[in-house]
Number of protein chains: 2
Amino acid sequence: MTVKRRPGRRPGSVDTRGEILAAARTVFAEKGFDKATVRGIARQAQVDPALVHHYFDTKEGMFAQAMHLPINPEEVVPAILEGPREEVGERMVRLLLKLTSEDSARQPVIALLRSAMTNEAALVMLREFMTNAVLFRVADGLGVPHLRIEAAFAQMFGLVMARYVLQLEPLASADDEELVELVAPTIQRYLTG
Amino acid sequence: MTVKRRPGRRPGSVDTRGEILAAARTVFAEKGFDKATVRGIARQAQVDPALVHHYFDTKEGMFAQAMHLPINPEEVVPAILEGPREEVGERMVRLLLKLTSEDSARQPVIALLRSAMTNEAALVMLREFMTNAVLFRVADGLGVPHLRIEAAFAQMFGLVMARYVLQLEPLASADDEELVELVAPTIQRYLTG
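Residues numbered from 1 in each chain as written. Chains lettered and ligands numbered in written order. Predicted model: local features only at pLDDT ≥ 70, side-chain atom pairs only at ≥ 80, totals over all residues. Heavy atoms only, no water.

**A closer look at the UniProt feature "DNA-binding region" (unreviewed entry) in chain A**
- The UniProt record annotates "DNA-binding region" (unreviewed entry) at residues 37-56 of chain A.
- Regarding residues 37-56 of chain A, the helix share stands at 75% and the strand share at 0%, and the terminal C-alpha atoms are separated by 13 Å. (UniProt positions renumbered as here; feature names shortened; annotations may be inferred. Helix = DSSP H or I, 4+ residues; strand = E, 2+ residues; numbered from the N terminus.)

**Focus on the domain arrangement of chain A**
All names here are of chain A.
- Domain annotation of chain A identifies domain 1 (16-64) and domain 2 (69-192).
- The centre of domain 1, based on its C-alpha atoms, is set 25 Å off from the matching centre of domain 2.
- Every contact between the two is made by 10 residues of domain 1 and, on the other side, 13 residues of domain 2.
- For the pair domain 1 and domain 2, the summed buried area comes to about 990 Å², and 64% of that belongs to carbon and sulfur atoms. (Domains from an automatic or database assignment. Contact = heavy atoms within 4.5 Å. Buried area = accessible area lost by both parts, 1.4 Å probe.)

**Some words on a positive patch on the surface**
All names here are of chain A.
- On the surface, a cluster of positive charge is contributed by Lys31, Lys35, Arg39 and Arg43.
- If you list the elements that add at least two residues to the positive patch, you get helix H1 (16-35) and helix H2 (38-45).
- Tracing the backbone shows Lys31 in helix H1. (Patch = residues over 30% accessible without salt bridge, like charges linked within 9 Å, V, L, I, M, F, W, Y side chains within 5 Å. Areas by Shrake-Rupley, 256 points an atom, 1.4 Å probe, with all protein chains shown as cover. Salt bridge = Lys/Arg side-chain N within 4 Å of Asp/Glu carboxyl O. Lys, Arg positive; Asp, Glu negative; His and termini not counted. Charge placed at Lys NZ, Arg CZ, Asp CG, Glu CD.)

**Describing the nonpolar core**
- Ranked by internal contacts, the top residues of the largest apolar core, which has 150 residues, are Phe28(A), Met62(A), Leu191(A), Phe28(B), Met62(B) and Leu191(B).
- Residues within four places of Leu191(B) in sequence aside, it is in contact with Arg85(B), Val88(B), Met92(B), Leu142(B), Val144(B), Arg148(B), Ile149(B) and Ala152(B). (Core = buried A, V, L, I, M, F, W, Y, C linked by side-chain atoms within 4.5 Å. Buried < 20%, exposed > 50% of the residue type's maximum accessible area, 1.4 Å probe, protein only.)

**Things to note about the relation of the copies chain B and chain A**
- Mapping chain B onto chain A leaves a residual RMSD of 0.0 Å; the transformation is a rotation of 180° accompanied by 0.0 Å of translation along its axis. Accordingly, the operation relating the two chain copies is best matched by a two-fold axis. (Least-squares fit on C-alpha atoms with pLDDT ≥ 70 in both.)

**So, the interface of chain B and chain A**
- Every contact between the two is made by 41 residues of chain B and, on the other side, 41 residues of chain A.
- Summed over both sides, the interface between chain B and chain A buries roughly 3,500 Å², with carbon and sulfur atoms accounting for 71% of that surface.
- Taken together, the links from chain B to chain A amount to zero salt bridges.
- Linking chain B with chain A are 14 residue pairs in polar contact (both at pLDDT 80 or more), by the criterion used here. (Polar contact = N/O pair within 3.5 Å; in protein donor to acceptor, adjacent residues only side chain to side chain.)

**Some thoughts on the side chain of Gln188(B)**
- Topologically, Gln188(B) is positioned in helix H10 (residues 176-192).
- Setting aside residues up to four positions removed in sequence, Gln188(B) forms contacts with Arg85(B), Glu86(B), Glu87(B), Val88(B), Gly89(B), Glu90(B) and Gly193(B).

**Description of the pattern of salt bridges**
Residue and element names in this part refer to chain A.
- According to the stated counting rule, one finds 10 salt bridges over all chains in the structure shown.
- With a shortest N-O distance of 2.9 Å, Arg137 and Glu60 are connected by a salt bridge. You can see Arg137 sitting in helix H8 (residues 120-142) and its partner Glu60 sitting in helix H4 (residues 59-66), a full 77 residues away along the chain.
- Assessed through its relative accessible area of 32%, Arg137 is described here as partly exposed.
- Beyond isolated ion pairs, a larger network of salt bridges with shared partners links Glu60, Glu74 and Arg137.

Spelled out as structure tokens, the structure:
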């Protein structure tokens, strides 16, 4: 079932991509991440699903862009899985530090988290995205139980919260190498220990 | 400088303790934890400082009670420090699981955290309490750098957030023994590794 675009709109008109993302935000908030579909988002945006696919390869990538997240699972998951297994902890911590080092990258994550703490729909959306699009893919790629990837996530999530929300010192000002040395063995142990 | 109680109020009247706690909440929110004083709280409550001391042994205990926190540093810090050093990780994780197992104990913590994410005064108050009244006392008692106790805190804080705010499964439903086995070695390594 295709839904016609509004009259006078051309594919690739200046704001089509932006309108698809706005529609995606609405649909993700209403349905959660798992139940949202490209077709449903196309319907909400009043465009053909093929046009959505023209702009966005996957639902995961669309979610990341709709929420302005610095984490696109299509890039992050392979980056974690590629490389020596005995260095996966270090790769994950370095990636986390890189992704959270820019204020402009952190703000949308913290905004989404703030919503999740007060709004059930935002919570469901964030949880489904984090687990099904990111954590479980890494765990399954490594052959690790889901409980262990979630323990690793808890450490990394707590690190970001303690540094950038609670702003605990000396943690907030610690340099990257010091944090890698401190935290990478924790992540490594959860995933391969 | 003593400030007279309002006329007609007797020490020990039904709501004196509650009024001191209400005054404490106001003063902590305005001054933060570090700069708030028993004298200032007594002034706000219009009672004699001795009366505040009659109800509350320490500023730390008063803060915990004013915020309805399940963590009274006067009890928690010695409980962590007492006992074999090689089991401090396990003691901390067991204590955390015990303190957060009751819904009624978790709710005030999550409420305070929610405030801290949107309100600078609440953030300062929470941060000063967490570091100066709890974490640094444990670190100093063990002779451990503050950075390491904060890494341990980040793991435990992330664990509580992932279980009770994000409600990630299977982590949220994991049993205590499984979590102790998984997370206690992390805390132990930060503190004595």
